[in-house]
Amino acid sequence: MPDIDYYFYCASPFTYLGHNLICEVAERHKATLNYKPVNLSALWAVSGAVPPGQRPPVRQRLRLIELQRLAAWRGLPIKTTPLHWPVDAALADKVIIALAETGHDPRYFMSKVLSGVWANDDNIADEAVLTSYLSQVGLDARPAMIDAKSDEIAAIRERNSQDAIAADAVGVPTYVLNGEPFWGQDRIELLDQALSTGRSPIRPH
């Protein structure tokens, strides 16, 4: 059974646009998705990227076009300038780690978080909002929220960030299969093809 390391940040629009599809691809290939939220700033510090608001105006305008175009392609609703953005998604990330560490599938909670930002104008930095999402997907909110605030969970998130850097994750989402990074939701089809053919990983020369 193949394993896919899934590096992401819960406030990322591109993670939102690819989340349903990567879950479907993994399910179809009976692959295990290892959910690994990261500190995106740590990745950007290595890859040379900067937050959207610090990018040249031409790149900011193109980003808005791309978000609309990709949302239409994926058949997803999107608000390109959501009410609560930029937003600190660290607590949501840590809830996902806490769920995974206790054997729960975070897929549907994560869907709520991502669509909360990019489709529903929810504030995912609000603990009450996250608690509601957990309840909506049938998970016990209290232990997940308690664990999410622990030093152990924070350490896992930082370790995920370093693992992502070591895997050459330029940004999020990045999906790593057999050591080969697929950066961006628009690489999911290529990941699907790699799983279908079982080809050897592509390495830099």
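Just so it is clear, the model here is predicted, and its values are computed rather than measured.

(A) Spotlight on the overall build of the protein. Each helix and strand in the protein was counted, giving 9 helices and 4 strands. Moving toward the C terminus, one meets the helices and strands of the protein in the order β-α-β-α-α-α-α-α-α-α-β-β-α. For 205 residues, the compact-globule estimate of 2.2 N^0.38 gives 17 Å, and the protein sits close to it at 16 Å. With the C-alpha coordinates of the protein rotated into their principal frame, the extents come out at 45 × 45 × 30 Å. Looking at the 205 residues of the protein, the share that counts as buried comes to 46%. Pairs at least 24 apart in sequence give 72% of the contacts found in the protein among residues at least 6 apart. A total of about 10300 Å² of accessible surface is found on the protein, and carbon and sulfur atoms cover 53% of it.

(B) Summary view of helix H7 (residues 141-148). Residues of H7 that are buried: Ala141, Ala144, Met145 and Ala148. For H7, the angular spread of buried residues about the axis comes to 95 degrees, placing them on one side. Capping of H7 at its N-terminal end is provided by Asp140; its side-chain oxygen lies 3.4 Å from the backbone amide nitrogen of Arg142.

(C) Looking closely at the pairing of strand S1 (residues 3-8). Bridge count between S1 and strand S2 (residues 32-37): 6 bridges; the pairing is parallel. Counterpart to Asp3 in the pairing with S2 is Thr32. One crossover worth recording links S1 to the parallel S2 by way of helix H1 (residues 13-28), and it is right-handed. Examined bridge by bridge, S1 and strand S3 (residues 174-177) share 4 bridges and lie antiparallel to one another. When the bridges of S3 are listed, Ile4 appears paired with Leu177.

(D) Main features of the pattern of salt bridges. Enumeration according to the criterion identifies 9 salt bridges in this entry. Arg74 is the partner of Glu189 in a salt bridge, and the nearest nitrogen-oxygen pair spans 2.7 Å. On the criterion of sequence distance, the pair formed by Glu189 in helix H9 (residues 188-197) and Arg74 in helix H3 (residues 57-74) is long-range, its members being 115 residues apart. Here Glu189 falls in the partly exposed class, since its relative accessible area comes to 34%. Here Arg74 falls in the buried class, since its relative accessible area comes to 18%. Between Asp186 and Arg187 there is a salt bridge; the shortest N-O distance is 3.1 Å.

(E) Structural detail: the packing of helix H4 (residues 90-101) against helix H6 (residues 127-136). It is the contact of H4 with H6, at a shortest axis distance of 11 Å, that shows an interaxial angle of 35 degrees. Crossing hand, H4 versus H6: right-handed. Of the residues in H6, those in contact with Leu91, Ala92, Val95 and Leu99 of H4 are Glu127, Leu130 and Leu134. Taken together, the residues of the contact of H4 with H6 sort by class into 6 nonpolar, no polar and 1 charged.

(F) A look at the packing of aromatic side chains. Inspection of the entire model under this criterion finds 6 aromatic pairs. Note on Tyr6 and Tyr35: the rings are 5.6 Å apart at their centroids and 45 degrees apart in plane angle, and the pair reads as tilted. Here Tyr35 lies in strand S2 and Tyr6 lies in strand S1, a separation of 29 residues in the sequence. Relative to Trp118, the ring of Trp85 has its centre 5.6 Å away and its plane inclined at 55 degrees; by these criteria the two rings are tilted.

(G) View of the packing of H4 against H7. Axis separation between H4 and H7 bottoms out at 8 Å; the angle between their running directions is 115 degrees. Comparing the axis directions of H4 and H7 gives the class roughly perpendicular. For the pair H4 and H7, the crossing hand works out as right-handed. Counting all contacts with H4, which are made through Leu91, Lys94, Val95, Ala98 and Leu99, the residues of H7 involved are Ala144, Met145, Asp147 and Ala148. The class makeup of the residues in the contact of H4 with H7 is 7 nonpolar, no polar and 2 charged.

(H) The sheet that holds S2, seen in detail. If you walk across this open sheet you meet the 4 strands as S2-S1-S3-S4, and the pairing is mixed. Only two strands of the sheet have a single partner each, and these edge strands are S2 and strand S4 (180-183). For this sheet, the mean inter-axis angle between neighbouring strands, taken without regard to orientation, is 25 degrees.

Calculation notes
Residues numbered from 1 in each chain as written. Predicted model: local features only at pLDDT ≥ 70, side-chain atom pairs only at ≥ 80, totals over all residues. Heavy atoms only, no water. Helix = DSSP H or I, 4+ residues; strand = E, 2+ residues; numbered from the N terminus. Rg over C-alpha atoms; globule rule 2.2 N^0.38 Å. Buried < 20%, exposed > 50% of the residue type's maximum accessible area, 1.4 Å probe, protein only. Contact = heavy atoms within 4.5 Å. Areas by Shrake-Rupley, 256 points an atom, 1.4 Å probe, with all protein chains shown as cover. Arc of directions from axis to C-beta. Polar contact = N/O pair within 3.5 Å; in protein donor to acceptor, adjacent residues only side chain to side chain. Pairing = 2+ DSSP bridges. Right-handed = clockwise from strand over helix to strand, strands pointing away. Salt bridge = Lys/Arg side-chain N within 4 Å of Asp/Glu carboxyl O. Axes fitted to C-alpha atoms, helices over the stretch in contact; angles between N-to-C directions. Left-handed = near helix turned anticlockwise from the far one by under 90°. Nonpolar A, V, L, I, M, F, W, Y, C, P; charged D, E, K, R; others polar. Phe/Tyr/Trp six-rings, centres within 6.5 Å; stacked < 30°, edge-to-face > 60°. Parallel < 35°, antiparallel > 145°, perpendicular 65-115°, else oblique.

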